[in-house]
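Here is what each chain is made of, one letter per residue.
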Amino acid sequence: MLLVLMLLSGIRPYDQATWLMEVLPVMIVLPLLAFSYKTFPLSTLLYGLVFVHALVLMLGGHYSYARVPLGFELAELFNLSRNPYDKIGHFMQGLVPAIAAREILLRGHYVQGRRMLAFLVICVVLAISACYELIEWAAAVVLGQGADEFLGTQGDPWDTQSDMGFALLGGITALLLLSRWHDQAMALLPGHHHAR
């Protein structure tokens, strides 16, 4: 289903290059999830979150983030000066990797203790966010003005910092609101015996 939605999102997007750059993470992750399904199936919670994150990326890619209709509705509702849809994307860029990192760290028994787990999860979230911002910077250097749609800064000089801030907020939200649900979802996986 996700593959079909991705193909639909690529039909007459606002900017073809922007669409490709925005959905590239989906194009990379989908085959990885398919190949790892038998050897390392993920929790249903994580699969669901990946699905939602992919939808956010594809919608942003189709319209370009600064032009997503939902963002205009949110801007009007909250009296914002810009389309905030890209902040939803960066929030998800923190929330989903937080659960993915948490699952890998717990299932691989790489960390002991909840505090160290939370610290490392947030470190992973910030590292991913920083890498993405570096990719955006590289795109701006290579493409020049052609990168405006991909960057979606909308004239905000602090866009990079606020993007990372929203990713951090997403990571913290995942830990605070989803940890218990995530533990329950992992407990349903075959052969799972995580010591609490």
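Asker: Tell me about the overall build of the protein chain, and name the residues and values.
Answerer: Secondary structure assignment for the protein chain yields 8 helices and 0 strands. Reading the secondary structure of the protein chain in the N-to-C direction produces α-α-α-α-α-α-α-α. Rg of the C-alpha trace for the protein chain: 17 Å, near the compact-globule value of 16 Å for 196 residues, within the 12% margin. In terms of principal-axis extent, the alpha carbons of the protein chain reach across some 50 × 35 × 35 Å. Taken over 196 residues, the protein chain has a buried fraction of 42%. Long-range pairs, those at least 24 residues apart, make up 71% of the contacts in the protein chain between residues at least 6 apart in sequence. When the accessible surface of the protein chain is totalled, it reaches about 11,200 Å², and 71% of it is carbon and sulfur. Of note, the protein chain has its 11 positive side-chain charges centred 16 Å away from the centre of its 14 negative side-chain charges.

Asker: Tell me about the pattern of salt bridges, and please be specific about residues and values.
Answerer: Note that side chains of opposite charge can pair when their charged atoms are close. One pass over the structure, following the stated rule, counts 8 salt bridges. Lys 87 is the salt-bridge partner of Asp 163, the closest N and O atoms lying 2.4 Å from each other. On the criterion of sequence distance, the pair formed by Asp 163 in helix α8 (residues 159-187) and Lys 87 in helix α5 (residues 85-107) is long-range, its members being 76 residues apart. Just as Asp 163 is buried, Lys 87 falls in that class too. Of the charged contacts in the structure, one is a salt bridge between Arg 107 and Glu 103, with a shortest N-O distance of 3.0 Å.

Asker: Give me the lowdown on the packing of aromatic side chains, citing residues and values where you can.
Answerer: Inspection of the entire model under this criterion finds 2 aromatic pairs. Ring plane angle 45 degrees and centroid distance 6.2 Å describe the contact between Tyr 37 and Tyr 47, whose orientation is recorded as tilted. Taken together, the positions of Tyr 37 in the loop between α2 (16-36) and α3 (44-63) and Tyr 47 in helix α3 put the pair 10 residues apart, joining distant regions of the chain. Seen in terms of ring centroids, Tyr 65 and Tyr 85 are 5.5 Å apart; in terms of plane orientation they differ by 35 degrees. Their pairing is tilted. Pair noted here: Tyr 65 is in the loop between α3 and α4 (69-77) and Tyr 85 is in helix α5, with a separation of 20 residues, a long-range link. Given a relative accessible area of 3%, Tyr 85 falls into the buried group.

Asker: Residues and numbers for the side chain of Asp 163, please.
Answerer: On the basis of relative accessibility, which here comes to 0%, the residue Asp 163 falls in the buried class. Reaching out from Asp 163, the side chain makes a polar contact with the side chain of His 90 at a distance of 3.2 Å. Apart from residues no more than four positions distant in its own chain, Asp 163 is found in contact with Asp 86, Lys 87, His 90, Ser 129, Glu 133 and Glu 136.

Asker: Tell me about α3, residues and numbers included.
Answerer: Over its 20 residues, α3 runs 29 Å from end to end, which matches the ideal 28 Å to within 8%, given 1.5 Å per residue. Taken together, the buried positions of α3 are occupied by Leu 45, Leu 46, Leu 49, Val 50, His 53, Ala 54, Val 56, Leu 57, Met 58, Gly 60, Gly 61 and His 62. Looking at the packing, one finds that the buried side of α3 touches α1 (2-9), α2, α5 and α8. One or two residues past the end of α3 sits Ser 64, with phi positive at roughly 75 degrees.

Analysis parameters
- Residues numbered from 1 in each chain as written.
- Predicted model: local features only at pLDDT ≥ 70, side-chain atom pairs only at ≥ 80, totals over all residues.
- Heavy atoms only, no water.
- Helix = DSSP H or I, 4+ residues; strand = E, 2+ residues; numbered from the N terminus.
- Rg over C-alpha atoms; globule rule 2.2 N^0.38 Å.
- Buried < 20%, exposed > 50% of the residue type's maximum accessible area, 1.4 Å probe, protein only.
- Contact = heavy atoms within 4.5 Å.
- Areas by Shrake-Rupley, 256 points an atom, 1.4 Å probe, with all protein chains shown as cover.
- Lys, Arg positive; Asp, Glu negative; His and termini not counted.
- Charge placed at Lys NZ, Arg CZ, Asp CG, Glu CD.
- Salt bridge = Lys/Arg side-chain N within 4 Å of Asp/Glu carboxyl O.
- Phe/Tyr/Trp six-rings, centres within 6.5 Å; stacked < 30°, edge-to-face > 60°.
- Polar contact = N/O pair within 3.5 Å; in protein donor to acceptor, adjacent residues only side chain to side chain.
- Expected span 1.5 Å × (residues − 1).

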